[in-house]
Amino acid sequence: MIKLSNIDKWYGAFHTLKDCSVNVSRGEVLVICGPSGSGKSTLIKCVNGLEPFQGGEITVDGVSVGAAGTNLPRLRARIGMVFQNFELYPHMSVLENICLAQLKVLKRPRDEAEARAFALLERVGLKDHARKLPSQLSGGQQQRVAIARALAMDPIAMLFDEPTSALDPEMINEVLEVMVQLAQEGMTMMVVTHEMGFARKVADRVVFMDQGEVVEDAATDQFFSAPKSDRAKSFLSRILQHV
Amino acid sequence: MHYNWDWSILLQEPYLQWLISGTGWTIAVSLAAWVIAVTVGSLIGIARTLPNRMVAGIATAYTEIFRNIPLLVQLFLWYFVLPEIVPEPLGHWIKRDLPLPEYTTAVIGLGFYTAARISEQVRAGIQSLSRGLSMAGYAQGLTLTQVYRHILLPVAFRLIVPPFTTEFLTVFKNSSLALTIGVLELTAQSGQISEYSFHSFEAYTAATVIYILITMGVTAVMTVIERRLPVAT
C-alpha cells in the first residue's frame, strides 16, 4: 500500500535521506526506530508530501506522491497523520478540530461530521471534552484528540511521527492503548517511535535507521532477538538497558 | 514667569468650535487611515509569508520602502510630488478635482505608511506559529488557502491584537502631521487658538487631554477585543 523506493533527500548540501526503500502492505504495522537525527521523521513526512524529496519514488495506494500532476491535498486527505507536538488548532474546540477537515475537505454535512467526531471521541475516551479548547487538556488527551481528528477522515493508512515523545511518562500509555487498538483492528500504520514495548506488541516489522540510511528492515521478533547490523545491536543495547 | 491663566477661553467661541472641529478631523483622518492600513497591511503581511518568492519579494519591498521613509516626507511626496509625476490629465484632476484634497492625501499617506508597519506585525504573527501547525492542516488535505483562512490567520490575528493596539494609537498620534499639508485637525486648531488668544498653555493642554482621552478610548476597545479572543496555545 505504501511503497518508498530509493528515496534521496538533501537539505542544501546535507544528505538527509540516502537511498531509503521501505514497503508497508495493507493492514501491516511498521515501526521505524533509530537515534535522533537519523532521518526517520523526515522519511515519514515524505510519505504524504509534507517534505519534498529529490530522488526516488513514493506511491500510496498506487498514487505517486512526488509526481507533478498528483493532487496532493486529495492524497493527504486519505492518509492520517499524528505529530509529536499534537498540533491541534489552538483556537478551536476539540469538536471543531475534528470537524474542520471533514467539513472543508470531505464536504460532509455538519451534523454528519459532528456525529462522527462524537463517535471517535467516545472511542478515545474523551466524549465529555468536546467543547473544551486544546489548551484545557493534558498532553495525553490532546494527542488522543489528534488521533481522533486523523481518523475522522476515514484514512486508508495512518502515519505517527513520535506520537509519545512529548508526553509525560504517565500519559504515554493512554495514547499507546489507542494505537494498539487501531493496529489490532487492521489499520495500516507507519510509526516512528522509541517505544520498543509497543513495537514488540503490535509491529509486524521494524525498520532501523541511522544517518539517513535504512540499516535494517526485519520482522519484529527477528529484529529484537537477532539484529543483524552492529549499529542496530548497539542501539538496542542502549535503549533496552533499563527495561 | 508671568502668565495669566484663563481656562475659560477654551469654552468661548470660536475656540470651543475649533477644538471640536479639530477633534473631528483627527478622528476622521485616523479611522480612515486605519482602515487602509489594516486592509493593505494584512494583505502585504500575508503575501510576505507565501511560498511564492516573487509575491513575497514584492511585498517585502513595499514594507521596506514605506517604513523607511519618514512619514512627513511621505506626506509631502503624496501631496506635492505625486501630482507632478503622474500623467498630466491625472495630475490636473488631482490638483483641481480631488475631493477634500488635503484630507484625502493625509489619509492615503498615513494609511500606506501604517500598512507597512501592520504588515510586519502580521508577518511576525504568522511566522511565530509552529511549522507543525500548518503541516497538520496540509496533512488533512486542506489547501494553502484553507490553511491560511481557517488556521494560520485566526490564530495569528489573536496573537497580534496587543501590537495592533499600539499601531492604532500611533495612527492617532501620527495624524497630527496632517497639519503640514493643511488639514485643520486637533493640533492645527490648538495652534490656531494659541495664536489668536495668546493662551498657548491652555490650548495645547486641551489638545493633550483630548489626545489622551481618544487613545484611552481606543485602548479600552482593544482590551475588550483582546479578552473576547483568548489566545489559547
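Model, not experiment: these values are computed from the prediction. (Residues numbered from 1 in each chain as written. Chains lettered and ligands numbered in written order. Predicted model: local features only at pLDDT ≥ 70, side-chain atom pairs only at ≥ 80, totals over all residues. Heavy atoms only, no water.)

**A closer look at the overall build of chain A**
Per the secondary structure count, chain A includes 9 helices and 10 strands. Expected size for 243 residues packed as a compact globule is a radius of gyration near 18 Å; at 18 Å, chain A falls within 12% of this value. C-alpha atoms of chain A, sized along the principal axes, occupy 55 × 45 × 30 Å. Within chain A, contacts between residues at least 6 apart in sequence are counted, and of these 64% link residues at least 24 apart. If you sum the accessible surface of chain A, you get close to 10,100 Å²; carbon and sulfur atoms cover 47% of it. Computed over 27 positive and 29 negative side-chain charges, the inter-centroid distance for chain A is 3 Å. (Helix = DSSP H or I, 4+ residues; strand = E, 2+ residues; numbered from the N terminus. Rg over C-alpha atoms; globule rule 2.2 N^0.38 Å. Contact = heavy atoms within 4.5 Å. Areas by Shrake-Rupley, 256 points an atom, 1.4 Å probe, with all protein chains shown as cover. Lys, Arg positive; Asp, Glu negative; His and termini not counted. Charge placed at Lys NZ, Arg CZ, Asp CG, Glu CD.)

**Topic: the interface of chain A and chain B**
Facing 25 residues of chain A, the contacting portion of chain B comprises 21 residues. Of the roughly 1,900 Å² buried between chain A and chain B on both sides combined, carbon and sulfur atoms contribute 65%. The largest share of the area that chain A buries against chain B comes from Tyr89, Pro90 and His91 of chain A, three residues that together contribute 29% of it. Remark: the boundary between chain A and chain B carries 1 salt bridge. Taking the shortest distance from any N to any O, the salt bridge between Arg131 of chain B and Glu51 of chain A comes out at 3.7 Å. (Buried area = accessible area lost by both parts, 1.4 Å probe. Salt bridge = Lys/Arg side-chain N within 4 Å of Asp/Glu carboxyl O.)

**Notes on the environment of Glu167 of chain B**
Residues and elements named next belong to chain B. Turning to its location among the elements, Glu167 is positioned in helix H8 (residues 161–174). Under the relative-accessibility criterion, Glu167 is labelled buried at 5%. Once the C-alpha coordinates of Glu167 and Met54 are considered, the two residues, 113 residues apart in sequence, prove to be 28 Å apart. If sequence neighbours within four positions are ignored, Glu167 has contacts with Trp34, Thr114, Arg117, Ile118 and Gln121. (Buried < 20%, exposed > 50% of the residue type's maximum accessible area, 1.4 Å probe, protein only.)

**Digging into helix H3 (residues 94–104) of chain A**
Counting along an α-helix, one turn takes 3.6 residues, and residues three or four places apart therefore face a common direction. Across the 11 residues that make up H3 of chain A, a large majority, 9, are buried. Among the residues of H3 of chain A, Val94, Leu95, Asn97, Ile98, Cys99, Leu100, Ala101, Gln102 and Leu103 of chain A are the ones counted as buried. Buried residues along H3 of chain A sit against helix H4 (110–123) and helix H5 (139–151) of chain A together with helix H7 (144–159) of chain B.

**Focus: the packing of helix H1 (residues 15–48) of chain B against helix H10 (residues 200–228) of chain B**
Residue and element names in this part refer to chain B. At their nearest, the axes of H1 and H10 sit 11 Å apart, and the two run at 40° to each other. Regarding the angle of H1 to H10, the classification is oblique. Judged by the sense of rotation from one axis to the other, the crossing of H1 with H10 is right-handed. Every residue of H10 that contacts H1 at Leu19, Thr23, Thr26 and Ile27 is listed here: Ala206, Ile210, Tyr211 and Ile214. (Axes fitted to C-alpha atoms, helices over the stretch in contact; angles between N-to-C directions. Parallel < 35°, antiparallel > 145°, perpendicular 65-115°, else oblique. Left-handed = near helix turned anticlockwise from the far one by under 90°.)

**Remarks on the pattern of salt bridges**
Scanning all chains against the criterion turns up 24 salt bridges over all chains. Ionic pairing is found between Lys9 of chain A and Glu51 of chain A, a salt bridge with its closest N-O pair at 3.4 Å. Of this pair, Lys9 of chain A sits in strand E1 (residues 2–11) while Glu51 of chain A is found in the loop between helix H1 (40–47) and strand E4 (55–60), placing the two residues 42 residues apart along the sequence. For the pair Lys9 of chain A and Glu51 of chain A, one class covers both residues: buried. Through salt bridges with shared partners, one network takes in Arg48, Glu64, Arg67, Glu120 and Arg123 of chain B.

**Some remarks on a nonpolar patch on the surface**
Taken together, the side chains of Leu72, Val73, Phe76, Leu77, Phe80, Val81 and Ile85 of chain B make up a nonpolar region of the molecular surface, amounting to roughly 570 Å² of accessible area. Judged by relative accessible area, Leu77 of chain B falls into the partly exposed class, the value being 38%. (Patch = residues over 30% accessible without salt bridge, like charges linked within 9 Å, V, L, I, M, F, W, Y side chains within 5 Å.)

**Describing the state of the cysteines**
Applying the stated criterion across every chain yields a total of 0 disulfides over all chains. With no disulfide of its own, Cys46 of chain A has Cys20 of chain A as its nearest cysteine by sulfur position, at a separation of 8.7 Å. (Disulfide = S-S within 2.5 Å.)

Fair warning: the whole summary comes from geometry, so function is off the table for now.
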